[in-house]
Amino acid sequence: MLWAALEEAMKLLVSGDRELLRVIGLSLMISASATTLAALVGLPIGVLLASGRFAGRATLAVLVDTGMSLPPVLVGLTVMAVFWRSGPLGALEILFTPTAMVIAQFIVATPIAAGLTRSAIAGLDPDIASALDVDGAGPVARALELLRAARPQVTVAIAAAFGRAVSEVGASLMVGGNIANQTRVMTTAITLEAGRGEFARAMVIGMVLLAVALLVNATLAWARRSDRASA
Amino acid sequence: MAHRLDLAARLGSTLIVLQMLAIVSSTSGADPAGTRSLLLATTTSTQDSGLLDALLPAFEDDSGIRVKTVAVGSGAALALGARGEADALLVHAPGAERKWMAEGHGDMRLPVMHNEFVVVGPAADPASVRASATVTAALGQIARQRVAWISRDDGSGTDLLEKELWRQSGEPEKPSGEAGWYVRSGQGMGATLLIADARRAYTLSDRGTWLAWRAKVRLVELLRGDPRLRNDYSVISVRADKLPEGRIHAREAVAFARWLTGPHAQRLIAEFGRERYGEPLFAPASAKPAPALPALPVPAR
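Values in this document were obtained by computation on a predicted structure and should not be read as measured data.

(A) The arrangement of the overall build of chain A in detail. Check the secondary structure of chain A and you find 11 helices and zero strands. In sequence order, chain A lays out its α and β elements as α-α-α-α-α-α-α-α-α-α-α. Principal axes of the C-alpha set define a box for chain A whose edges measure 65 × 50 × 25 Å. Buried positions account for 46% of the 231 residues belonging to chain A. Here the analysis covers contacts within chain A between residues at least 6 apart in sequence; of these, 73% occur between residues at least 24 apart. Roughly 10,900 Å² of accessible area belongs to chain A as shown, and the carbon and sulfur atoms make up 70% of that amount.

(B) Seen up close, the overall build of chain B. Counting its secondary structure elements, chain B contains 12 helices and 10 strands. Within chain B, the proportion of its 301 residues that are buried is 49%. Considering only contacts within chain B whose residues lie at least 6 apart along the sequence, 72% involve residues at least 24 apart. As displayed, chain B offers around 13,700 Å² of accessible surface, 56% of which is attributable to carbon and sulfur atoms.

(C) Inspection of empty space enclosed by the protein at higher detail. All names here are of chain A. One pass over the full model with this rule turns up three cavities of 30 Å³ or more. Forming the boundary of the largest cavity are E19, L20, V23, R184, A189, E193, R201 and I205. The dominant element in the lining of the largest cavity, judged by the number of residues it contributes, is helix α2 (residues 18–51), at three residues. Looking at side-chain class alone, the lining of the largest cavity contains four nonpolar, no polar and four charged residues.

(D) Geometry of the layout of surface pockets. Looking at the second largest pocket, its volume works out to about 920 Å³. Elements supplying a minimum of two residues to the lining of the second largest pocket: α4 (72–83), α9 (170–176) and α10 (186–196) of chain A together with α2 (44–48), β2 (65–71), α4 (74–82) and α8 (189–199) of chain B. Element by element, the count of residues in the lining of the second largest pocket is highest for α10(A), at four residues. Residue classes in the lining of the second largest pocket are distributed as 17 nonpolar, 13 polar and five charged.

(E) Up close: the packing of helix α6 (residues 135–145) of chain B against helix α7 (residues 157–168) of chain B. All names here are of chain B. For the pair α6 and α7, interaxial distance at closest approach is 9 Å and the crossing angle is 80 degrees. The orientation of α6 with respect to α7, classified from their angle, is roughly perpendicular. Here V135, T136, L139, I142 and A143 of α6 come into contact with α7, specifically with L165, W166 and Q168. Classifying every residue of the contact of α6 with α7 by side-chain character gives six nonpolar, two polar and no charged.

(F) View of the pattern of salt bridges. As enumerated under the stated definition, the model contains 21 salt bridges over all chains in all. Among the ionic pairs, R276(B) bridges to E198(A), the shortest N-O distance being 3.9 Å. Residue R276(B) is located in helix α12 (residues 274–277), and its partner E198(A) is located in the loop between α10 and α11 (199–230); the two belong to separate chains. Among the ionic pairs, D197(B) bridges to R218(B), the shortest N-O distance being 3.6 Å. Here D197(B) is found in helix α8, whereas its partner R218(B) is found in the loop between α9 (207–213) and β8 (220–223), with 21 residues between them in sequence. Ionic contacts of the salt-bridge type, sharing partners, join the residues E193(A), R196(A), R201(A) and D48(B) into one network.

(G) The arrangement of α7(B) in detail. Residues and elements named next belong to chain B. Under the 1.5 Å per step criterion, the end-to-end length of α7 is 17 Å for 12 residues, consistent within 8% with the ideal 16 Å. Within α7, burial applies to G157, T158, D159, L161, E162, K163, L165 and W166. At the exit of α7 stands G170, carrying a positive phi of roughly 90 degrees.

(H) Structural view of the pairing of strand β1 (residues 36–42) of chain B. Residue and element names in this part refer to chain B. With six of seven residues buried, β1 lies mostly within the body of the structure. Of the pairings in the sheet, the one linking β1 to strand β3 (residues 88–91) comprises three bridges and is parallel in character. For L40, the partnering residue across the bridge sits in β3 and is A88.

(I) Expanded view of the pairing of strand β7 (residues 202–206) of chain B. All names here are of chain B. For β7, the buried fraction is high: five of the five residues fall into the buried class. Judged by which residues are buried, β7 turns out to be covered on both faces: Y202, L204 and D206 on one side and T203 and S205 on the other are all buried. Of the pairings in the sheet, the one linking strand β4 (residues 106–121) to β7 comprises four bridges and is antiparallel in character. Bridge assignment links F117 to a residue of β7, and that residue is D206. Across two bridges, the pairing between strand β5 (residues 149–151) and β7 is parallel. Its bridge partner lying in β7, W149 is registered against Y202.

(J) The nonpolar core, seen in detail. The biggest cluster of nonpolar side chains holds 36 residues, and the ones touching the most others in it are L95(A), V175(A), A41(B) and L89(B). Where this core is concerned, the elements lending two or more residues are α2, α4, α5 (98–122) and α9 of chain A together with β1, α4, β3 and β9 (230–238) of chain B. At five residues, α5(A) tops the list of elements feeding residues into this core. Apart from the residues lying within four places of it in its own chain, the contact partners of A41(B) are V70(B), A77(B), L80(B), A86(B), A88(B), L89(B) and L90(B). With 28 residues, the next largest nonpolar core counts I65(B), Y233(B), L260(B) and F282(B) among its residues.

Procedures and definitions
Residues numbered from 1 in each chain as written. Chains lettered and ligands numbered in written order. Predicted model: local features only at pLDDT ≥ 70, side-chain atom pairs only at ≥ 80, totals over all residues. Heavy atoms only, no water. Helix = DSSP H or I, 4+ residues; strand = E, 2+ residues; numbered from the N terminus. Buried < 20%, exposed > 50% of the residue type's maximum accessible area, 1.4 Å probe, protein only. Contact = heavy atoms within 4.5 Å. Areas by Shrake-Rupley, 256 points an atom, 1.4 Å probe, with all protein chains shown as cover. 1 Å grid on protein atoms, 1.4 Å probe; cavity = no way out; pocket = protein on both sides within 12 Å on 5 of 7 lines; lining within 4 Å. Points joined across faces, edges and corners; volume = space filled by probe spheres on them. Nonpolar A, V, L, I, M, F, W, Y, C, P; charged D, E, K, R; others polar. Axes fitted to C-alpha atoms, helices over the stretch in contact; angles between N-to-C directions. Parallel < 35°, antiparallel > 145°, perpendicular 65-115°, else oblique. Salt bridge = Lys/Arg side-chain N within 4 Å of Asp/Glu carboxyl O. Expected span 1.5 Å × (residues − 1). Pairing = 2+ DSSP bridges. Core = buried A, V, L, I, M, F, W, Y, C linked by side-chain atoms within 4.5 Å.

Here it is in structure tokens:
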């Protein structure tokens, strides 16, 4: 069965199936958006945890750590209960749309971005941080400088957040509804095709997902390399 | 070199901002003003068979109403409907549906189509299901001999019928399965068939899914035709006043229910599946009682 499936997989990919392309496009759009938001929120939190000293720091640290092990299906259930018609934000009519999926993936990816950024900053040479203090830089400028200094690790943090978002299936299925051409992404499509017994199709989509993850990471590695060369 | 990185970063950010704009605009999936839409909660069998792919575009053309379908299983569909989270339901759990309607959740309930369930199992057939006169007798045999049986146990229409059949055979609704003969998969029909295949166990399947899967498993069809195995699908429109004004798209749901039971849809249903399976998958509710179904041809292996 596996060999026949691989053969079918190659044929489907080459034929440029429209539905498949739509599924891939939606996956990328939704996960890229979720990752961007996760980075915008998570990176500052990571810097804060690594270098700030403030009340509630320990609590925030625990939240971020727990957040990294948050079961995505639980996130899905909660987002669903908030956004469905009888929920507090039901009037927004967001359930079963890509927006709901971005929200769910954002919640799952942000702790990862924050936690890995914290490690990245904490691992910096302490001289860099002191140099910034001497400079008298404001908090925002200081944070940006720290992030810049830890660039290689921070890009890993973002890549990991993206990985989490794009491979997420439980929450995306629940809050998106797996609606054809609207909220069907690569992971939910794999679930559907496997449930229908269409293993070749499921395999194709899985391979594309893998290729996307590879591409993203290869690109970031290239960026890190060229960056190091210029440093 | 740093220049290359900046360029990449700038390009990347522009792409991402564009994507986010695209998402936000596509998500006025709250539709552009004036587009009527409907949320249909249905079963996995109607979706997986491809029937909805054949019907819904025709409905959207005829009515101008966009349909968003979530395939969740009959039990979950009824639960969503009870909360007003869906506008229309297409389900196949008549007992549960009648109770649900009696509780006052629905407005209209109309029969759409039917086909049948079949009992499938290992070719060796240790519990002699093939020779059983009725499905309840077959289940009794399976329970007495403690032969492996896979239950979906997921609140789907198939699952609800299976539990009812166990009751009718005089067994507890969920046989206790100490010695592990009664196994609960908690999953969809495809996955359950795979488990039954791996364990050489019996299970209950709707005919549509069975036709799609029988070439992929070594299980064989052992019992069909018992009137208790009739599989009836109905369309239900949810009562409009469950939620504040406008949240439930009741008019669209009623339009859908009427269309599904009207001549165009019923004709499409009567023909559906002929191309792929050699015979139609479902019998429309509007048809006169059909003669006994011919035996399914055995696929060449």
